[in-house]
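# Examining the three-dimensional arrangement
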Amino acid sequence: MYAQVLEERKKSIRRAADAETSPIRCGARSVSGAVSQRACVYCGARVVLNPITDAFHIVHGPIGCAAYTWDIRGSLSSGSELYRNSFSTDLREKDVVFGGAEKLAAAVDEVMRVHAPALIFVYCTCIVGVIGDDVEAVCRGAERKYGNRVVAVKAPGFSGGKADGYRLAGEALLQFLLPHKGRKKRGGINILGDYNLAGETWIIKRYLEEVGLPVVSTFTGDASCESLAHAPSARLNIVQCAGSMVHLAQRMEREFGIPWIKASFFGVEDTGTSIRQAADLLGSAETRRRAADLTRRESERTRRLLEPYKARLAGKKAAIFVGGGFKAVSLVRQFRELGMETVLVGTQTGRPDEYEVLGKLVGPDTVILDDANPAELERFLRERGADILTGGVKERPLAYKLGIAFCDHNHERRHALAGYEGALNFAEEVNRSINSPVWRYIRG
Amino acid sequence: MSSRIVNLNVNPCKMCMPLGVVNAFYGVAGCICLLHGSQGCSTYIRRHMATHYNEPVDIASSSLTEEGTVFGGEGNLIRGLDNLIALYHPEVVAVATTCLAETIGEDVRAIVRDYLAGRPDCRVKIITVNSAGYSGTRYEGWFRALRALLEQTDADASAHAGVNVVTGPLSPADTRALKRLLRGTGLDFTLLPDISDNLDGGCGAPYSRLPAGGTPLAAIARMAGARATLEAATFVPEEASPGRLLEEKFGVPLFRLNMPVGLRDTDAFLAALEELGGSIPAEEREERARYLDAMVDAHKHVALGRAAVFGEPDLVYGLTRLCCENGLVPVVAATGADCPALKAVLEEEIRPVAENLMLQRFSVLNFADFDDIEAAVAANGANLLIGSSDGRRAAHRRNIPLVRCAFPVHDHLGGQRIRVLGYAGAMRLLDEFSNALISNLEASFRKTIRDRCFGGREGSAAAGKAAGSNRARSATHPCFSEAAGHSFARIHLPVAPDCNITCNYCVRAFDCPNESRPGVTSRVLTPDEALERFLRVRESMPSLRVAGIAGPGDALANFEATAETLRLIRREDPEVTFCLSTNGLLLPLHAARLAELSVSHVTITINAVDPVVGARIYSQAAYMGMRFRGEAAAAMLLSNQLAGLKMLTDLGVVCKVNIVLIKGVNDTHVEDVVRKVKTLGASIANIMQMIPVRGSAFEHMPMVDNKTHEALRGRCESILPQMRHCRQCRADAVGLLGEDQSIRLREAAPAALSSVPAAPGVESPVKVAVASRSGVVVDQHFGFAEQFYIYESDGLSARLLEARRVAGKNAGCGGCGNRPLPEGPEEVEAGGGKIVRALEAVADCGVVVAMRIGDSPSRQLAQKGISVFSTYDSIDKAVKDAVLRCRGAAAADSRFL
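Residues numbered from 1 in each chain as written. Chains lettered and ligands numbered in written order. Predicted model: local features only at pLDDT ≥ 70, side-chain atom pairs only at ≥ 80, totals over all residues.

### Re the sheet that holds strand 6 (residues 189-194) of chain A
Residue and element names in this part refer to chain A. The sheet built from 4 strands is open, its strands ordered 7-6-8-9 with parallel pairing. Only two strands of the sheet have a single partner each, and these edge strands are strand 7 (215-220) and strand 9 (260-262). Strand-to-strand twist across the sheet, computed as the mean angle between neighbouring axes with direction ignored, equals 20°. (Pairing = 2+ DSSP bridges. Helix = DSSP H or I, 4+ residues; strand = E, 2+ residues; numbered from the N terminus. Axes fitted to C-alpha atoms, helices over the stretch in contact; angles between N-to-C directions.)

### Here's the deal with the domain arrangement of chain A
Residue and element names in this part refer to chain A. Along its sequence, chain A is carved into domain 1 (7-34 + 314-413), domain 2 (41-180) and domain 3 (189-296). Look at where the C-alpha atoms of domain 1 and domain 3 centre, and you get two points 28 Å apart. Every contact between the two is made by 9 residues of domain 1 and, on the other side, 10 residues of domain 3. Of the residues assigned to the side of domain 1 that touches domain 3, the class counts are 1 nonpolar, 5 polar and 3 charged. (Domains from an automatic or database assignment. Contact = placed C-beta atoms within 7 Å. Nonpolar A, V, L, I, M, F, W, Y, C, P; charged D, E, K, R; others polar.)

### Let's talk about unusual backbone geometry
Here Leu192(B) and Pro193(B) are connected by a cis peptide whose omega angle stands at -15°. Positionally, Pro193(B) belongs in the loop between strand 7 (189-192) and helix 9 (217-222). Pro408(B) follows Phe407(B) through a cis peptide bond whose omega is -5°. The phi angle at Val35(A) is positive, at roughly 60°, despite the residue not being glycine. Its place among the elements puts Val35(A) in the loop between helix 1 (16-19) and helix 2 (41-49).

### Digging into the interface of chain B and chain A
How big an interface is tends to be stated in terms of the accessible area lost upon association of its parts. Each side of the interface is counted separately: chain B has 82 residues, and chain A has 93 residues. Breaking the side of chain B that touches chain A down by element, the ones donating at least two residues are strand 1 (9-10), helix 2 (39-53), strand 3 (59-61), helix 3 (66-71), helix 4 (74-88), helix 5 (99-103), strand 27 (798-805) and helix 30 (875-889) of chain B. Element by element, the count of residues in the side of chain B that touches chain A is highest for helix 2 of chain B, at 10 residues. Of the pairings in the sheet, the one linking strand 3 (residues 87-88) of chain A to strand 1 of chain B comprises 2 bridges and is antiparallel in character. Of the residues in strand 1 of chain B, the one forming a bridge with Ser88(A) is Asn9(B).

### A word on the sheet that holds strand 5 (residues 125-129) of chain B
All names here are of chain B. Read from one edge to the other, the open sheet built from 4 strands follows the order 3-2-4-5, with strand pairing classed as parallel. In this open sheet, the two strands that pair with only one neighbour each are strand 3 and strand 5. Neighbour-to-neighbour, the strand axes of this sheet turn through a mean angle of 25°, independent of strand direction. Relative to strand 5, strand 4 (residues 92-97) runs parallel, the two being bridged by 5 bridges. Within strand 5, the position partnered with Val-93 by the bridge is Ile-126. Where helix 6 (residues 108-117) meets the sheet, its contacts fall on strand 2 (31-36), strand 4 and strand 5, and the angle it forms with strand 5 comes to roughly 165°. Strand contacts of helix 7 (residues 138-152): strand 4 and strand 5, with the helix running at about 135° to strand 5, the strand carrying the most contacts.

Written out as structure tokens, the structure reads:
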């Protein structure tokens, strides 16, 4: 009845109780043929950079890479909508044989003539790495000719995993920032690793500004070239999605002397801690007082509003399969705040220490998986009797087929999950699915 | 996009070939696909299909790596096949190549041959397809898959009476409808492919990972012996046609037809079935009659339509013809694929219909992206988009309805249930087209006609209506109706601290809670706090009718806060009357927005209508980044006040004009002011005596006596109604006029952290070092910490002082290498060095908190007098607990969890 687990995959699946003595295998390449849920290097780089609203994002490669990433994420903009377009050199057979560099150079010329953006990213996909286009040369040539920034992001899909793409994106951002190194310090905070999904960057920014902490720039939710250029003048970086941005934070510390801390705006408790920490490090006594006020007031209010949800959700069993370990940890804790136990938790790209934390957080029988495939998810969802799965777009239909509720924690969502209002939205979303009448008939 | 770019594909109207291959193989029984390439291809295609079909889509990948790319991916592919077969137990595996595999020259056919040769017991049929993403689109991929399937299946050419039906990309629901029709004809048929169950399965029965529906391999084998093949695809090239292959290889006669979309092509399809000996079910005849009836019902509506049809060649052809036969002019027909043949046939199709309606312009676009399509939509005046949900951005931008009837549909449900085929599909489409056009017309015709009649002075009728309801609200506004002043309460929300002019009678200090005069408040609120105060007051004060913003500065000089406050309150309370007061300097900028925010009442303070007089009252004005003084300031202010007042009253907002009566300055000028503002539509004037404020320029000015004040009001009464019940309220006033409750209702002032008195006996704060990765939870080993969060705490509160890096950590993260950081404990350098550095990093602390710590470092810390705690908890709480415990127990090595 239950699907077998491939021999090669067994080390990546653990009961929490066993994980302590026999740590889970993670960070490895996906097993060929196992139907991994992971994406590629290009994907990692693209998701980090694409929210920069007025940059020109050119996908140098065949049409698929561009078509499947066109405006698929809910990053919002308060300014330009340029980033919501898809630009691709649309390489075809002829280009593969004769090279695509000329086509790219012509495209960049045209883009400069028509739009003259301050910043162009050129993403190199799988075949560009193989056919040997000298993209760096095209970019350097364009920079000399036009005086703007044209940054190559060499992200062939086969050259690693999504996390390698994050790192490449960080390096590309740094390349853009370096010429602005000399900016005078003006104080304030950069928010790193928030992509303004459903306006989440705005929520975080509002909290910080409300307590008197100016935000200099945001990486990369609702970022513009102009706002990013000011980043070196900040006095503190706070890093929300650690997986994608710690590398850049470390580089910015070295290059610009900006210290950084990690932060989390998922859940009532973490949100409060993160606001107060920022105020502690940068703020006056007045700012700290306001941070204490705001977090106390908001957490009391939010907890009050969460009560009716808890009454409806306590005792239900949650399953989690998301991209990064950090998000998984905060989800386990958020479910716990709602009185729900997590019976399955897995990630695409979690790291050993994150898995260790997960092991401590959940009960001994909870199953922990790294880079799980649909067959494994199916098996353990059924075996552990999960009531709801939290995950991305690809996992949703599977949950539904198994008669299990689903909470969308992907990049396409239209509801914010960060901050106090996000904590409420999360409970609302979980309740909306888990307590729907439809399951009675489906499982009947 | 404002300008066009030709060297780039801007917003693609196509998908890549491997997607088409996988899509078609979903119509083969017991089949699962493996893409030979990097991991991203399968994941992206899965996501693309799963959101359209709302079904699980499993596609394996050989997960090619750098090594595989350089030295060949054979090993990956073989391992992948083994694993996939073990996991899914499929009957058929389709191995499709991707851009990468083709570019590095993988010979998948040979690899698979060797694979099978080495596994004589393997009963799985493995089909290989060469499908570089760059060599075609989903459309070509679909047919390439079918052709490979027919080529590589062991054919059973023994003749039988059955008929093959081969289709291009169809929805599962259309496939089901086609199957029903074929069954009804009594013909023995094989439909290839059949995605009806696999991409639109039911719920309830046990879920099967392996797609169980679809055309069985045995049936595919028998296609070689069929009597005929019907291929319902117009534009597939001969060399890619699956039917042609059957004809050339096995002599099965091929009949190529259009997809049965619309009346003519469905008729032709049924005729072909009849010719092959099928009997057409009576329901089809009835359905046809009903479609004819629907065409007549719809014809006048759809004749107003100017459609833009986009998508894959066959579907664009079918939909365009359907539009044409109904008199709905396709002013744009576009495909993203490279299909030059489409242009001539469609132009011929569209021209007569366009000429009937005297339309000159229509465009047939080949190899188009959405940038091309949108430009043609604009140029040709399309008012209806027909195609996939990829057209939604153009639809939003141009405010044109989009009928979603093609793959992919990502923003609506039901992609798997799209109906296009046959009379029933046509009927459904026609209704959707008509209704989209009707809804648009219904939503716009009143305004269009009114604008035409009133010469574009749009809004005047709406403003008239707004004025009526706004005036009605005055009855419950204590400042606009004296009677209301006794029974209805208002709240002033002090959210606007800044001011942009300097009046000589004002001091901009707002921290004195004991004065009651305009411009005074004890504490400025944020919009959220204002909302909270409003909600609290409303609870305890049922007579509350008005929420106003009266400073303490100028409501419009703080427009963001003002607007946000109003927006938040309106969300909670649709009824309450909005009111605000302003000096009017920024009114022309914000008047329209105020009306949008449903502000019904505005008070403008206008003390003079002569700049010479004004210059004695105002010392300066800051406007648009410039600072004006003297008469220039007064003139600037005045012109904006008057223009703004007019704009507001035109919008139907009820306006009150406040005039501060200043003896010897404007006391003889007030009547002029009242007269002027009346002509601009002000409803009421409020002449107030100036209150000399200590510290202001007019500190020593005498007040006008009550008698003179009253007499002046009497004279002005004949010009404009006068407010005589003004109490000159505070900017945070609450309640009935004259009964300010603001002090009682103010929040208890939150105790400042810094002012928390030290509890007797509590010692000075101690430094605490916390090992944390996440920064919000104690979740790190002491020895592996890359940084410590250094807190200072007295046990009651905790303050983060710094995030302190441990020396020597992060070395080699300079971004020069390609490998990720050493993240896991096992990768971190071994030996005592790291512990020494960690100990150094916390040397100045009194307490260390970590998720875990080894015995040796724990002892070493204890020797230095540093207390150690291990816990997993939120960072704040852990720090405070540790300090309290440390002091309570005074036992340096006590632990808690």
